[in-house]
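Single-letter residue listing:
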Amino acid sequence: MNSSIASTAMTQEWLQQISLLGTFLEHEPMARHTTLAVGGAARWFFRPTDRTAAIEAMRLCPSDVRILPLGRGSNMLIQDTGYDGLVIDLSDLNSTEFNGFTVRAEAGGRMSRLARQCADHGLSGCEFMATVPGDIGGGVAMNAGCFAQQVSDSLIEIEVLLPNGDVQSIKAEALHFSYRHTDLPAGSIVLSASFTLHPDSPEQIRERMRSMRSRRSATQPLAQPNCGSVFKNPDGDHAARLIEATGLKGFSIGGARISEKHANFIVNEGDASSADILALIERAQLLVKEQTGIELEPEVRMIRDSETGGQI
Ligand SMILES: Cc1cc2nc3c(=O)[nH]c(=O)nc-3n(C[C@H](O)[C@H](O)[C@H](O)COP(=O)(O)OP(=O)(O)OC[C@H]3O[C@@H](n4cnc5c(N)ncnc54)[C@H](O)[C@@H]3O)c2cc1C
């Protein structure tokens, strides 16, 4: 970590103020907060009690402190040496408000819960969320999707918290969504998202969600810690097929293995390190590139140390 930051009186004052705004921890192991169950400690970990506390904390945060918004940690690979900055966990911001065919959801709510609530209200359009283990904010940041639906299909608007503590509303059109990509303002945190849905019978919506869940459990290694698809699918092909063709299915390094069930999943068999997973990622990229010329692009967000510039 950057010890000069921690030792200044100014930072100490800020730390005291922020600790009153929610749950505040130092040196919190990130393996507890990621579905891969790997990753070293966050220098500071903060869970604001509510939206006002999140905004106040952003205002207080010195501009040289790196901030990492955390959802469910279901698409993050945090290095073993940890994160030298402030992780902000929005899970206590999780309200939803329905109004006609629209719903506004705070960023820290689970997507699966929103899908169930929409079904209860007879609203269709976010069934896929029932099967993606992330939060609304993470879903927006990733433009999460599956079963031919994605966040951008029904998103109308989001609210973001900017690094200076201001809150800004942004229309969906301005987010320039593409496959697993959203253009968020640099350093911003999604606070809420509004979706427009269409009416349908709750039972039919629930049946579609059940069918999606069972298709998923038949094909994906959901019983072991993982981060979903490790790589984006290249145009016109599937990362899983390309990896399988290299013979890497079932291959392991340390405690991490390329899943026997789905070659685009890496599972933690219990004692994997982040380095083991990264080594598997690089091995798969190398062999696929050698055999096909295709460069597999990670879908999982690699959270690097300060020297390499943070998130990529
Ligand atoms: C079993 C399994 C199945 C999966 N299946 C799918 C699938 O079908 N489709 C799919 O798209 N993904 C899938 N994923 C990956 C993952 O669930 C999604 O990418 C999800 O949207 C990530 O949400 P999260 O809240 O966990 O985000 P995190 O992993 O916590 O964060 C991901 C990125 O979003 C940023 N972020 C998080 N919250 C915010 C916020 N409030 N504001 C700004 N940035 C934020 C983080 O900083 C990070 O860069 C799967 C994962 C698992 C484990």
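Residues numbered from 1 in each chain as written. Predicted model: local features only at pLDDT ≥ 70, side-chain atom pairs only at ≥ 80, totals over all residues. Heavy atoms only, no water.

**A few points about the pattern of salt bridges**
Rules: Think of a salt bridge as a Lys or Arg side-chain nitrogen and an Asp or Glu carboxyl oxygen that are within 4 Å of each other. Helix and strand assignments come from DSSP, with helices taken as H or I runs of at least 4 residues and strands as E runs of at least 2, each series counted from the N terminus. Think of it in three bands: with a 1.4 Å probe and only protein chains considered, a residue is buried below 20% of the maximum accessible area for its type, exposed above 50%, and partly exposed in between.
According to the stated counting rule, one finds 21 salt bridges in the structure shown. Notably, a salt bridge pairs D89 with R47, separated by 3.5 Å at the nearest N-O pair. Pair noted here: D89 is in strand β5 (residues 83-89) and R47 is in strand β2 (residues 41-48), with a separation of 42 residues, a long-range link. Between D135 and R110 there is a salt bridge; the shortest N-O distance is 2.6 Å. Here D135 is found in the loop between β8 (123-124) and α5 (136-142), whereas its partner R110 is found in the loop between β7 (102-106) and α4 (111-120), with 25 residues between them in sequence. Assessed through its relative accessible area of 36%, R110 is described here as partly exposed. Via salt bridges that share partners, D120, E203, R206, E207 and R210 belong to a single interconnected network.

**Section: the domain arrangement of the protein chain**
Basically, it comes down to this: The source of the domain bounds is an automatic or database domain assignment. Once two parts are joined, some of their accessible surface, as seen by a 1.4 Å probe, is lost; buried area is that loss totalled over both. Polar contacts, as used here, are pairs of N or O atoms within 3.5 Å; protein pairs need one atom able to donate a hydrogen and one able to accept it. Residues neighboring in sequence count only if both atoms are side-chain atoms.
Domain annotation of the protein chain identifies domain 1 (3-92), domain 2 (96-218) and domain 3 (221-306). Measuring from the centre of the C-alpha atoms in domain 1 to the corresponding centre in domain 2 gives 24 Å. When the two sides are added together, the surface that domain 1 and domain 2 hide from each other amounts to roughly 1400 Å², 62% of it contributed by carbon and sulfur. Considering only the surface of domain 1 that becomes buried against domain 2, R51, M58 and L90 emerge as the three largest contributors, covering 43% of it. The residue R51 makes a salt bridge to E159 at a minimum N-O spacing of 2.8 Å. Connecting domain 1 to domain 2 are one residue pair in polar contact (both at pLDDT 80 or more). Elements that contribute at least two residues to the side of domain 1 that touches domain 2 include exactly α3 (51-60) and β3 (67-70).

**Some thoughts on the confidence of the model for the protein chain**
Heads up, the rule is: Confidence of the predictor at the level of single residues is captured by pLDDT, which takes values from 0 to 100. We call two residues contacting when some pair of their heavy atoms lies within 4.5 Å.
Of all residues in the protein chain, 94% have pLDDT values of 70 or greater, and the mean over the chain is 94. Counting contacts from residues 1-7, a segment whose pLDDT is below 50, to residues more than four positions away or on other chains yields 13 contacts. Long-range and interchain partners of residues 307-312, a stretch whose pLDDT sits below 50, account for 14 contacts in this model, where long-range means more than four residues apart.

**Quick look at the sheet that holds strand β1 (residues 22-29)**
Adjacent strands of a sheet form backbone hydrogen bonds with each other and so pair up, either parallel or antiparallel. Going by this rule: Note on pairing: DSSP must find at least two bridges between two strands before they are called paired. Only the stretch in contact is used when a helix axis is fitted, and all axes are lines through C-alpha atoms; the angle between N-to-C directions ranges over 0 to 180 degrees.
One open sheet holds the four strands; their spatial order is β1-β2-β5-β3, and the pairing between them is mixed. One side of each edge strand has no neighbouring strand; the edge strands of this open sheet are β1 and β3. The sheet shows a mean angle of 25 degrees between the axes of neighbouring strands, taken without regard to direction. Here β3 pairs with β5 via four bridges, running parallel.

**Focus: unusual backbone geometry**
Phi angles above zero are rare outside glycine, and H27 is one such case at about 55 degrees. Positionally, H27 belongs in strand β1. H27 gets classed as partly exposed once you look at its relative accessible area, which sits at 47%. Its identity is not glycine, yet A148 carries a phi of approximately 65 degrees, on the positive side. With respect to the helices, strands and loops of the structure, A148 is situated in the loop between β9 (145-146) and β10 (149-150).

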